[in-house]
Each structure stands twice: as C-alpha cells, then as structure tokens.
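Each chain is listed here by its residues.
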Amino acid sequence: MKEVVVHPERCVGCMQCMAACAAAHSRSKNLFLASLETPRPRARVHVGVGLYNEGFPNRCRHCDPTPCLLACLPGAISRNAEKNTVFIDPNRCINCASCAMACPFGVIRYHEDFMAPPGKTVAVKCDNCYERQLAGLIPARVEMCKSGALSFEEKADAMKRKTDEVARSVSAGVAQVDLAPGFTLLNAIKRQQIELAR
C-alpha cells in the first residue's frame, strides 16, 4: 500500500507542501480562493526547523498501533483499513486534547475546520489526502514538493532505495582506501570503521 515517505535530507524548507495541503483541505480546493475562505483552511503537514536550520516536513504517520485513537475519549478517531489512514470525525471531537498528548510526533492541531460545525474548534491532522486518492490523485503535498523531500510510494520500495543509497556511499568510501601490500579489503574496511569511530 502506498504512503507518503519523508526524505528530510532533501527538504529545503520552502513550505510549499503546507500551502498545497491547506488548499486541498479547503472548500474550493483552489490555493487563491482558499485564502479567502472562513474558516481559513490550514495545513495538516508542518515544516519544522532542525538543529542546523534545515527543514523537516512533519506529518501524521498513521501509526499502528495508534496512540491517538487509543487516547480519544469520545471515539472520534478511527482507522480506514483499506487505505491505512487514521481519521478524526469533527462531529464527535470534544476538543479535549487527549489525542494530541498521546501523539509521539506532535502533528495534531486544533482549529476551526469547514467540515466541523460552525465555530467549533476540533482536532485536525493529516488524512493522506483521502479524497484526492479516491479521485486517482496523489496527496497534494507530494505533488507540490519539487525538491523530492516527499514521495508517495510503497514503504518497501523506499526502504530498498535507501539501503541501496547507503550501500553505494559505503562502497565509494571503501574504494577510496589505499591498500598497503599484504592488506586485505576486509582489513581496510575495519581500519576505515576505526577511523570513523574516532
């Protein structure tokens, strides 16, 4: 099953994913018109700033087991097994913040949403652009991301690609090691590991 995969090393902090996400969760589904709506649509992906001012697109991981679902007192949170997506029902949410306290990634926010009764503040989080997926589209934040920090793919494919990238990186490092006469490749790798550990 495809899901949004974050590649933090590629994020440039442009926040275009946030704008696309907000527009995708608006009445109009249009970036310009969404800015004129009341309540104002808000992003469900949040770009944070790391230790070295690098961007990090933080979003719901749709965990399984699901801490927010287990903590939800009124039962407003549920999982759709078909798309492996966790949803919040704005009509059942009582704004108690139990889900936000249970979320290990800090992705649940509280604000008015056009799907909720007027004037009601509710818990809001990523829904994997469920409506867009039903229409055969990829999540808006992935479509908007031009740096490749977000992709929509099978988790196994993403993990294999990352493993291959690490393997190529290590291979390149080993290839640069000068081998002294009588030195085996295994000894060279061990020597390199010792030097890296210092």
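Model, not experiment: these values are computed from the prediction.

K.L.:
I'd like to hear about unusual backbone geometry, residue by residue, with values.
P.N.:
The residue after Thr38, namely Pro39, is reached through a cis peptide bond having omega -5°. Following the sequence through the fold, Pro39 ends up in the loop between helix 2 (31-34) and strand 2 (46-49). Positive phi outside glycine occurs at Asn84, with the angle close to 50°. In this structure, Asn84 sits in the loop between strand 4 (77-80) and strand 5 (85-88). Judged by its relative accessible area of 29%, Asn84 falls in the partly exposed class. The phi angle at Asn95 is positive, at roughly 60°, despite the residue not being glycine. Considering the arrangement of structural elements, one finds Asn95 in the loop between strand 5 and helix 4 (98-102). Among the residues examined, Asn95 registers a relative accessible area of 35% and is labelled partly exposed.

K.L.:
I'd like to hear about the pattern of salt bridges, residue by residue, with values.
P.N.:
Tallied over the full model, the rule gives nine salt bridges. A salt bridge links Glu143 to Arg132, with the nearest nitrogen and oxygen atoms 3.2 Å apart. In this pair, Glu143 is assigned in helix 6 (residues 140-144) and Arg132 in helix 5 (residues 130-134), connecting sequence segments eleven residues apart. For Arg132, a relative accessible area of 19% puts it in the buried group. Residue Asp164 is joined to Lys160 by a salt bridge in which the shortest nitrogen-to-oxygen separation is 2.9 Å.

K.L.:
Go over the nonpolar core, please, and point to the residues and values.
P.N.:
A general trend in soluble globular proteins is that nonpolar side chains are found buried together. Counting 17 residues, the largest nonpolar core has Cys68, Ile77, Cys99, Ile108 and Ala123 as its most contacted members. At the level of elements, strand 5 and strand 7 (121-124) are the ones that each hand at least two residues to this core. For this core, the leading source of residues is strand 7, giving three residues. Ignoring any residue separated from it by four or fewer positions in sequence, one finds Ile108 in contact with Cys68, Cys99, Ala100, Cys103, Ala123, Val124 and Lys125. Counting residues in each nonpolar core, the second largest holds twelve residues, with Val4, Cys17, Val142 and Leu150 among its members.

The rules behind these values
Residues numbered from 1 in each chain as written. Predicted model: local features only at pLDDT ≥ 70, side-chain atom pairs only at ≥ 80, totals over all residues. Heavy atoms only, no water. Helix = DSSP H or I, 4+ residues; strand = E, 2+ residues; numbered from the N terminus. Buried < 20%, exposed > 50% of the residue type's maximum accessible area, 1.4 Å probe, protein only. Salt bridge = Lys/Arg side-chain N within 4 Å of Asp/Glu carboxyl O. Core = buried A, V, L, I, M, F, W, Y, C linked by side-chain atoms within 4.5 Å. Contact = heavy atoms within 4.5 Å.

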